[in-house]
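Results of the structural survey
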Amino acid sequence: QVQLVESGGGLVQAGGSLRLSCAASGRTFSSYDMGWFRQAPGKEREFVAAIRRSYGLTYYADSVKGRFTISRDNAKNTVYLQMNSLKPEDTAVYYCAAGSVNWGVVAGDNEYDYWGQGTQVTVSS
């Protein structure tokens, strides 16, 4: 069992930056692939970014590529999402997730077994 707790959300102006953190407890963090997803009001949850459990391999949604960076610190059991050049359309609840992911379908939320409670990100225009 893995418990995930996100933090770092908030209100920011368009063009600004935020860094989200997701702290994991429970079973060995380094054995899990980690992902970030988001859900805007009235929309389905969508994939944002993922990082492989080893070698730091990453994958991003086209909508955030070049603006967001996912990273992990296995010593701290934490995964991060650095978000730069934020846009109003980035407004959503952001969730981190953990699992042993088939990297061919890394964007599929059913690949992840554990989820955090989410943190709100609001970008004003």
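We now turn to the structure provided with this report. Residue positions are counted from 1 within each chain, in the order its sequence is given. Under the rules for a predicted model, residues below a pLDDT of 70 receive no local features and side-chain atom pairs below 80 are neither given nor counted, while totals for whole chains, interfaces and linings still include all residues. Excluded from the side-chain calculation are hydrogens and water; included are all heavy atoms of the structure.

In what follows, a disulfide is any cysteine sulfur pair within 2.5 Å. What the rule picks out here adds up to one disulfide. Between the sulfur atoms of Cys22 and its disulfide mate Cys96 the distance is 1.9 Å. On the S-S bond that ties Cys22 to Cys96, the torsion sits near 45 degrees, and the link is right-handed. In this pair, Cys22 is assigned in strand β3 (residues 18-26) and Cys96 in strand β9 (residues 92-99), connecting sequence segments 74 residues apart. Each member of the pair, Cys22 as well as Cys96, is classed as buried. Runs of H or I in DSSP of at least four residues are treated as helices and runs of E of at least two as strands, each being numbered from the N terminus. With a 1.4 Å probe rolled over the protein chains alone, any residue whose accessible area is under 20% of its type maximum counts as buried; one over 50% counts as exposed, and the rest are partly exposed.

The subject of this paragraph is the pattern of salt bridges. Only one rule defines a salt bridge in this text: a Lys or Arg side-chain nitrogen within 4 Å of an Asp or Glu carboxyl oxygen. Tallied over the full model, the rule gives seven salt bridges. Put simply, Arg38 and Glu46 hold a salt bridge, and the shortest N to O gap is 2.6 Å. Judged by relative accessible area, which is 6%, Arg38 ranks as buried. For Glu46, a relative accessible area of 35% translates into the label partly exposed. Between Lys65 and Asp62 there is a salt bridge; the shortest N-O distance is 3.1 Å. Exposure remark for Asp62: the relative accessible area of 67% places this residue in the exposed category. Taken together, the salt bridges that share partners define one network made up of Arg38, Glu46, Arg67 and Asp90.

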